[in-house]
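Chain by chain, the residues:
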Amino acid sequence: MERLSPTGVLDGEKIPAAAGGKPAFDSMVPIIYPNMPPWESIRKRFEKIYRSRMITNFETVKEVERVAKSYLEVDNVVAVSSCTLGLILTLKALGITGEVIVPSFTFSATGHAIYWAGATPVFVDCSNRDWNISLESVEKAISHRTEAILAVHIFGNPSPVHALDEISQKNGLKLIFDAAHAFGACISGKPAGGFGDAEVFSLSPTKLVTGGEGGLLATNNGELAEFVKKLRNYGDKGNYDCLAPGINARMEELNAAMILEGIPLADPEIISRQRLAALYREELSWVPGITFQEVHPENHHTYKDFTILIDPDEFGMNRDSVYSLLIKENIQTKKYFYPPLHMQSAYQNLPQRAMELGVTEKISKNVLTLPLYSQLGETGVRKIAAGLASLHIYRDNLL
Ligand SMILES: *Cc1c(COP(=O)(O)O)cnc(C)c1O
C-alpha cells in the first residue's frame with residue numbers, strides 16, 4: 001500500500017465501505033445524468049408551441065432537421081420518434097427482408113429493429129480492441145442471403161466505417177449505422193452521420209442530446225429520406241392515399257424544442273467527457289486487470305459511455321463483485337452490454353448458423369460502465385477511480 005496513484009493520493013487512504021471504510025460518496029452517484037438544456041432556454045419555446053396548438057411534426061421539428069443536417073454535414077435528416085423506429089423504417093425503406101449482419105455486443109434495440117423490419121439478424125463478433133463489429137467476423141458471416149450490415153458506433157467510438165464500406169460495396173450490401181451513441185463523433189474530421197447508406201441517432205435520455213424521446217435519420221440518399229418521411233406518417237402521400245403501410249413515428253414539437261436547445265450543448269459536453277475519460281485512464285492506469293476501449297487516433301469518441309473491462313484474475317475479483325461493492329461506495333455502474341444479444345432469451349429460437357462469438361462473450365462478461373458526465377468534475381472521477389482501486393487493494397479482505 002505504498003504505491004502512489006498519479007494524483008499522489010496514497011492508495012491505502014481509501015478503505016472500501018465493505019471493509020469498514022467510509023463510502024466514497026455520501027449519496028448515490030447516478031450512472032446517467034441527462035444532459036438537459038436549462039429550463040429558461042426552453043420555456044419560451046414550449047410556451048410558443050403550446051399556444052400555437054401545433055404540437056407534433058411541425059416547425060420546430062423542421063428546424064431540428066435543418067440544424068442537425070448542418071451539424072452532421074449530411075444532405076438529409078429525418079426526425080423520428082425514436083432511434084429504434086428510425087432503424088426499422090430505414091431497413092423497410094431500403095427493402096431489406098433477408099439477413100442483416102449485426103454485432104451481438106450492442107444494446108438490444110439494434111437487433112430488435114431488424115426483427116421488426118421483418119428481416120433476420122445474424123449476430124457477429126466484435127473486435128477486442130475497439131469493441132466495434134469485427135471485420136473478419138462480418139466477412140465470415142456473409143452468405144447469399146445477406147442484404148445489409150448494421151454496425152454500431154459502440155459507446156460513441158466510431159466503427160471502422162471505410163473498411164465496412166469496402167466490404168459492403170464488394171458484396172453489394174447496404175450499410176447502416178446505429179449511431180445512437182455517436183452524436184458528435186468524428187471520423188478523420190468528418191462527423192458521424194454521413195457514412196454508409198444511413199446513420200440513425202437516438203435522443204432518448206441516456207444519450208448525449210435528448211428530447212425525452214426521439215431519433216434522427218441522417219442520409220445522403222434523398223430518395224430514402226423522402227420515403228422515410230412518408231413512412232413515419234402512416235405512409236401518407238399527403239392525400240390520405242398511402243404509398244405503403246407506414247407507421248406513426250413522428251417527433252413531437254415539445255421534444256423537438258428540447259433537442260434544438262440541446263444540440264449546441266453536445267460539443268462542450270463531449271470535450272468535457274473526453275478530458276474526464278483521459279483522467280479515468282490515467283488514474284486507473286496502474287491498477288492491474290483494467291483495460292479500456294481503443295480509440296483510433298484520428299477519431300473522436302463521444303464518451304456517451306465510459307466502459308472498462310475487468311479481468312477477474314488480474315484485478316482479484318469479477319465484474320459482478322465490483323458492481324455490488326461499488327454500490328456500497330454509493331457509485332452506480334451498469335453492465336453495458338450484458339447479456340449480449342445472441343445470449344438473450346429473445347433470440348434463442350433464431351435459425352442462426354453457428355458463429356464463434358468468443359470476444360463478445362468475454363467482453364460482455366467483464367464490462368462495467370462507470371459514471372461519466374461533466375457534472376462529476378475531476379474530483380468525482382478521482383473519487384470513483386480511488387473507490388474502484390481500493391477494491392483491488394483490499395481484494396483479499398472483501399471476498
Ligand atoms: C438507446 C439505443 C437505441 C435505441 O434508441 P431509442 O431512441 O430509445 O429507440 C438503439 N441502439 C443503441 C445502441 C442504443 O444505445
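What counts as what
Residues numbered from 1 in each chain as written. Predicted model: local features only at pLDDT ≥ 70, side-chain atom pairs only at ≥ 80, totals over all residues. Heavy atoms only, no water. Near = heavy atom within 4 Å. Polar contact = N/O pair within 3.5 Å; in protein donor to acceptor, adjacent residues only side chain to side chain. Areas by Shrake-Rupley, 256 points an atom, 1.4 Å probe, with all protein chains shown as cover. Helix = DSSP H or I, 4+ residues; strand = E, 2+ residues; numbered from the N terminus. Nonpolar A, V, L, I, M, F, W, Y, C, P; charged D, E, K, R; others polar. Pairing = 2+ DSSP bridges. Axes fitted to C-alpha atoms, helices over the stretch in contact; angles between N-to-C directions. Contact = heavy atoms within 4.5 Å. Core = buried A, V, L, I, M, F, W, Y, C linked by side-chain atoms within 4.5 Å. Buried < 20%, exposed > 50% of the residue type's maximum accessible area, 1.4 Å probe, protein only.

**Topic: the site of the ligand**
Piece 1. Thr84, Asp178, His181, Ser202 and Lys207 are the nearest of the 14 residues found near the ligand.
Piece 2. Between an oxygen atom of the ligand and a side-chain N or O atom of Thr84, the distance comes to 2.5 Å.
Piece 3. The separation between an oxygen atom of the ligand and a polar side-chain atom of Lys207 is 3.3 Å.
Piece 4. In isolation the ligand offers 380 Å² of accessible surface; the protein chains occlude 90% of this area.
Piece 5. Elements with a contribution of two residues or more to the shell around the ligand: helix H3 (83-93) and helix H4 (108-116).
Piece 6. Counted by class, the shell around the ligand contains 4 nonpolar, 8 polar and 2 charged residues.

**Digging into the sheet that holds strand E12 (residues 306-310)**
Piece 1. Strand order in this open sheet of 3 strands is E10-E12-E13, and the pairing throughout is antiparallel. Pairing within the sheet leaves two strands with one partner each, and these edge strands are strand E10 (290-292) and strand E13 (367-370). Direction aside, neighbouring strands of the sheet carry axes that sit 40 degrees apart on average.
Piece 2. One ladder, built from 4 bridges, connects E12 with E13; its direction is antiparallel. Paired with Leu309 across the bridge in E13 is Val367.
Piece 3. Along the sheet, helix H8 (residues 253-284) makes contact with E10, E12 and E13, crossing E10 at roughly 150 degrees.
Piece 4. On top of the sheet, helix H10 (residues 319-328) reaches E12 and E13; it is set at about 25 degrees to E13, its chief contact.

**Regarding the environment of Leu231**
Piece 1. One can find Leu231 in helix H7 (residues 222-231).
Piece 2. Note: C-alpha distance between Leu231 and Leu388 (157 residues apart in sequence) is 48 Å.
Piece 3. Every residue in contact with Leu231, bar those within four places of it in the chain, is listed here: Leu89, Lys92, Ala93, Ala244, Gly246 and Ile247.

**Digging into the nonpolar core**
Piece 1. Core analysis: the largest hydrophobic core is formed by 40 residues, its most contacted members being Leu72, Ile149, Phe183 and Leu216.
Piece 2. Counting residues in each nonpolar core, the second largest holds 36 residues, with Phe292, Tyr303, Ile331 and Tyr373 among its members.

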